[in-house]
Amino acid sequence: MRIGLYPGTFDPITLGHVDIIRRAAALVDRLVIGVAINRDKGPLFSLEERVMMIEDECAALSEETGTEIVAHPFENLLIDCARDVGAQIIVRGLRAVADFEYEYQMVGMNRVLDSSVETVFLMAEARHQAIASKLVKEIARLDGDVSKFVTAPVHQKLLSKLGKA
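Residues numbered from 1 in each chain as written. Predicted model: local features only at pLDDT ≥ 70, side-chain atom pairs only at ≥ 80, totals over all residues. Heavy atoms only, no water.

Quick notes on the sheet that holds strand 2 (residues 30-36)
Part 1 of the reasoning: Taken in spatial order, the five strands of this open sheet run 3-2-1-4-5, and their pairing is parallel. One side of each edge strand has no neighbouring strand; the edge strands of this open sheet are strand 3 (68-74) and strand 5 (118-123). Each strand of the sheet is rotated relative to its neighbour by a mean of 30°, with strand direction disregarded.
Part 2 of the reasoning: Sheet analysis places strand 4 (residues 89-94) next to strand 5, joined by six bridges and oriented parallel. (Pairing = 2+ DSSP bridges. Helix = DSSP H or I, 4+ residues; strand = E, 2+ residues; numbered from the N terminus. Axes fitted to C-alpha atoms, helices over the stretch in contact; angles between N-to-C directions.)

Here we look at the nonpolar core
Part 1 of the reasoning: Core analysis: the biggest nonpolar cluster contains 33 residues, and Tyr-6, Ile-13, Ile-21, Leu-31, Ile-33, Ile-54 and Ile-69 have the highest contact counts within it.
Part 2 of the reasoning: Those elements that provide at least two residues to this core are helix 1 (15-25), strand 2, helix 2 (47-65), strand 3, strand 4, helix 5 (133-141) and helix 6 (152-161).
Part 3 of the reasoning: In terms of residue count, the dominant contributor to this core is helix 2 (six residues).
Part 4 of the reasoning: In this structure Tyr-6 touches His-17, Ile-20, Ile-21, Leu-31, Val-32, Ile-33, Gly-34, Val-91 and Gly-93, once residues within four positions along its chain are discounted.
Part 5 of the reasoning: If you look at the next biggest cluster of nonpolar residues, it comprises 13 residues, including Leu-5, Phe-74, Ala-87 and Val-117. (Core = buried A, V, L, I, M, F, W, Y, C linked by side-chain atoms within 4.5 Å. Buried < 20%, exposed > 50% of the residue type's maximum accessible area, 1.4 Å probe, protein only. Contact = heavy atoms within 4.5 Å.)

Re helix 4 (residues 97-113)
Part 1 of the reasoning: Look at helix 4: 25 Å from first C-alpha to last across 17 residues, which is about the 24 Å you get at 1.5 Å a residue.
Part 2 of the reasoning: All of the buried residues in helix 4 are Asp-99, Glu-103, Val-107 and Asn-110.
Part 3 of the reasoning: Structurally, helix 4 contributes buried residues whose contacts are with helix 3 (78-85), strand 4 and strand 5. (Expected span 1.5 Å × (residues − 1).)

Let's talk about the environment of Gly-16
Part 1 of the reasoning: Here Gly-16 shows up in helix 1.
Part 2 of the reasoning: Judged by relative accessible area, Gly-16 falls into the buried class, the value being 9%.
Part 3 of the reasoning: Taking the C-alpha atoms as reference, Gly-16 lies 8.9 Å from Arg-95; in sequence the two are 79 residues apart.

What to know about the packing of helix 2 against helix 6
Part 1 of the reasoning: The N-to-C vectors of helix 2 and helix 6 enclose an angle of 160°; their axes lie 11 Å apart at closest approach. In terms of orientation, helix 2 and helix 6 fall into the roughly antiparallel class. Seen along the crossing, helix 2 lies across helix 6 with a hand that is right-handed. The segment helix 2 lies against helix 6, with Glu-49, Met-53, Asp-56 and Glu-57 engaging Pro-153, Val-154, Lys-157 and Lys-161. (Parallel < 35°, antiparallel > 145°, perpendicular 65-115°, else oblique. Left-handed = near helix turned anticlockwise from the far one by under 90°.)

Now the structure itself:
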């Protein structure tokens, strides 16, 4: 069984994330969405809320693709998380050239830590490449329309969380 790990904070999950998940599901039999706890980022949504949003957003996608998609919280090294879930592949999404420089360093470090785990980069569709959770939250905080960046259920949760629903 081919297992992939797609890590991130997913605060909140965006259409860009969903696009990468859909593409990654075509490459593996089981896709683990690694939900980083990352207390330093001070997420808007709790870990439980982020996991629930991922599970809700991926249920139909899992059925549609035939790939098992599960959310898995983690707070350890990414490479250790990959080992914990039995992943042979780490999936990373790239939006811009600036992402590549950081990701390139991460791949190098992860290869030294465990050369048996490959990293695969996927580009989101062009219409989703500029989407970043951080920007989505900022736009929503300032009463901008983020409905083009997240699904309707996530949009409602975001507005509710910000006291705007």
